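Observations on the three-dimensional arrangement
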Amino acid sequence: MPRAELEQLQLGRLRTTVELVCNQVPFYRQALDAAGVRPQDLRSLHDLQRLPLTTKQDLRANYPFGLLTVPLDAIVRLHASSGTTGKPTVGPYTARDLANWGEVMARVYAAAGVTGQDIVHNAYGYGLFTGGLGFHLGAERVGAAIVPASGGLSKRQVMLMEDFGATVLTCTPSYSLVLAETAQELGVDIRTRLRLRAGIFGAEPWTEAMRQEIEAKLNLEAFDTFGLTEMIGPGVASECIRHDGMHIAEDHFLPEAIDPDSGAPVPDGEVGELVFTTITREGQPLLRYRTRDRIRLTREPCACGRTMARMSKVLGRTDDMLIIRGVNVYPFNIESVVLKVPGLEPHYLILVDRPKDQLDELEVWVEASAELWQRGEYQVRETEQKLHKDLADTLGIAPRVRVREPHSIQRSEGKARRIIDKRELGS
Ligand code: ADP
Ligand code: ZN
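I will try to describe carefully the structure that is included in this document.

1. Points about helix 6 (residues 154-164)
All of the buried residues along helix 6 are Ser154, Gln157, Val158 and Met161. One side of helix 6 carries all its buried residues, which in axial view fall inside an arc of 100°. In helix 6, the exposed residues that point more than 90 degrees away from the buried face are Lys155 and Asp163. Downstream of helix 6 by one or two residues, Gly165 has phi in the positive range, about 70°.

2. Re the site of ligand 1
By nearness alone, 18 residues border ligand 1, and Ser82, Asp224, Thr225, Thr229 and Asp293 come closest of all. Contact distances for ligand 1 include 2.8 Å between a nitrogen atom and a side-chain N or O atom of Asp224. The separation between an oxygen atom of ligand 1 and a polar side-chain atom of Lys415 is 2.8 Å. Here ligand 1, which alone exposes 570 Å², has 93% of that area covered by the protein. For the shell around ligand 1, a count of residues per class yields six nonpolar, six polar and six charged.

3. Quick notes on the packing of aromatic side chains
Across all of its chains, the model carries six aromatic pairs by this definition. For the pair Phe27 and Tyr28, a centre-to-centre distance of 5.0 Å together with 65° between the ring planes defines the contact as edge-to-face. For the pair shown, Phe27 and Tyr28 are each scored as buried. When the ring of Tyr124 is compared with that of Phe135, the centres are 4.3 Å apart and the planes differ by 20°; the resulting orientation is stacked. Taken together, the residues span a long stretch of sequence, with Tyr124 in the loop between strand 3 (119-122) and helix 5 (130-142) and Phe135 in helix 5 at a distance of 11 residues.

4. Remarks on the environment of Arg418
Within the secondary structure, Arg418 is located in the loop between strand 19 (400-404) and strand 20 (419-421). Taking the C-alpha atoms as reference points, Arg418 and Thr298, 120 residues apart in sequence, are found 29 Å from one another. Not counting residues within four places of it along the chain, the set of residues in contact with Arg418 comprises Ser174, Pro205, Met210, Glu335, Tyr348, Leu349 and Ile350.

5. With respect to the pairing of strand 3
Taken together, the three bridges between strand 3 and strand 4 (residues 145-147) define a ladder with parallel strand orientation. Across the sheet, residue Ile119 finds its bridge partner in strand 4, namely Ala145. Following the backbone out of strand 3, through helix 5 and into the adjacent parallel strand 4, one traces a crossover that is right-handed. Pairing geometry for strand 3 and strand 5 (residues 168-171), over three bridges, is parallel. The residue of strand 5 that forms the bridge with Asn122 is Thr170.

6. Focus: the pattern of salt bridges
Counting across every chain of the model gives 34 salt bridges. In this structure, Asp244 engages Arg310 in a salt bridge whose closest nitrogen and oxygen atoms are separated by 3.3 Å. Taken as a pair, Asp244 in the loop between strand 8 (233-239) and strand 9 (246-248) and Arg310 in strand 14 (residues 310-311) lie far apart in primary sequence, 66 residues in all. In this structure Arg310 comes out as buried when scored by relative accessible area, which is 5%. A salt bridge links Glu377 to Arg381, with the shortest nitrogen-to-oxygen separation between them at 2.9 Å.

7. Some points on the coordination of the zinc ion (ligand 2)
All of the protein donors around the zinc ion (ligand 2) are Cys240 (SG), His247 (NE2), Cys302 (SG) and Cys304 (SG); their distances to the metal are 2.1 to 2.3 Å. Considering all four donor atoms around the zinc ion (ligand 2), angles at the metal cover 104 to 114° and the coordination shape is tetrahedral. Written as a sequence motif, the donor arrangement for the zinc ion (ligand 2) is C-x6-H-x54-C-x1-C. Residue His247 is located in strand 9, and its partner Cys304 is located in the loop between strand 13 (297-298) and strand 14; the two are separated by 57 residues in the primary sequence. On the accessibility criterion, His247 (8% relative accessible area) is buried. Exposure remark for Cys304: the relative accessible area of 27% places this residue in the partly exposed category.

8. Things to note about the packing of helix 7 (residues 173-185) against helix 9 (residues 208-218)
Helix 9 packs onto helix 7 with a crossing angle of 30° between their chain directions and a minimal axis gap of 10 Å. When the axes of helix 7 and helix 9 are compared, the pair comes out roughly parallel. Viewed along their axes, helix 7 and helix 9 form a crossing whose handedness is left-handed. Each of Pro173, Ser176, Leu177 and Ala180 in helix 7 lies in contact with helix 9, whose residues at this interface are Met210, Ile214, Lys217 and Leu218.

Calculation criteria
- Residues numbered from 1 in each chain as written.
- Chains lettered and ligands numbered in written order.
- Predicted model: local features only at pLDDT ≥ 70, side-chain atom pairs only at ≥ 80, totals over all residues.
- Heavy atoms only, no water.
- Buried < 20%, exposed > 50% of the residue type's maximum accessible area, 1.4 Å probe, protein only.
- Helix = DSSP H or I, 4+ residues; strand = E, 2+ residues; numbered from the N terminus.
- Arc of directions from axis to C-beta.
- Near = heavy atom within 4 Å.
- Polar contact = N/O pair within 3.5 Å; in protein donor to acceptor, adjacent residues only side chain to side chain.
- Areas by Shrake-Rupley, 256 points an atom, 1.4 Å probe, with all protein chains shown as cover.
- Nonpolar A, V, L, I, M, F, W, Y, C, P; charged D, E, K, R; others polar.
- Phe/Tyr/Trp six-rings, centres within 6.5 Å; stacked < 30°, edge-to-face > 60°.
- Contact = heavy atoms within 4.5 Å.
- Pairing = 2+ DSSP bridges.
- Right-handed = clockwise from strand over helix to strand, strands pointing away.
- Salt bridge = Lys/Arg side-chain N within 4 Å of Asp/Glu carboxyl O.
- Donors = N, O, S within 2.8 Å, 3.2 Å for Na, K, Ca; no water.
- Tetrahedral: all angles 85-135°; square planar, octahedral: opposite > 155°, others 65-115°.
- Axes fitted to C-alpha atoms, helices over the stretch in contact; angles between N-to-C directions.
- Parallel < 35°, antiparallel > 145°, perpendicular 65-115°, else oblique.
- Left-handed = near helix turned anticlockwise from the far one by under 90°.

Laid out in structure tokens, this is it:
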């Protein structure tokens, strides 16, 4: 769709959404009043910036059903995010929300070249988490054969991928590494015995260096895919075969990038916090929801022909930035460095501590490859020194570094937890 036409569509849908929440949701009626905006004031998409922002705290304050625009009768599904830091975030869907979810998820598959001929092995977790059922819905919509494997029981998963001849794998990037490792343990040669051609990986941040690792280990083309429970789950944005950013389903979710401190808009091409407004949701539409994800946006046309805006890889969350001795450290940057050092595996852990009356300490653990470990202590120490130097150069502070033996760092079936911040534990 030409952008001018798309923007017309967006404006119409935006107005409908603002009217809906203004009429049905007391929280939004008050917020719009306070901002001095009425639905009819929205004349162009620029007026989006006049609307109030919504935060995760607002969702918590209205937990569980305070932001619904329809009676519970009209809700046919309730998901929830993990809620590691308090009450979970609720994802309520009407029948039409589910239909739209299937539609945007079908696009995710189509953009990766998946068709009705494919066999999709879906190892995103099924349950309250939106990943499993979201990818399930979209695969059915494109007519692919879906294998609802969910997370865990990795040996059986490898067997099924081989026996069923899966051509597409969907899971978190970190779990894809576990499957690769399990295949190796089982003596299943991925190149000759598996038929995987594409992998659609998301739900957690991963670097370009990680993509290369995964593509090499699993012998497939890896696509990045993005979503969040608050919008609809997966299906919000996804890569096309150009791998030059993720196309946003902009006819359903209006993207903005803002300065996280001032709230001012950030121009395309610069890093900002991603903010989304849902423009087709019925169950729980959200205005200008602050995702806390740091990204760049572009509206330049893509070589694939799609006109939808693209977002960069998520460069980190504003809330997972570590401040260590006054220096801002993003885990994403640590991953980029770690994966460039030869002899290391893509399994790492970041530890932060504040020993009594001392300065913060950053420590990075990474697993050695089996080859490096076999070459002995001296080589391992040498690699450690290289990693130490590269991290210090990139981060601007010198972490302690430990290269550990293979398989010593815990694996993850879903989203990996790679940061242990002992300062939060009150030490
Ligand atoms: P939770 O807050 O429990 O993690 P969600 O499952 O809704 O809830 O997770 C959404 C978040 O996951 C996003 O806001 C983003 O931080 C992260 N995420 C999802 N997809 C990606 C991706 N492709 N790259 C990086 N981060 C992602
Ligand atoms: Zn494209």
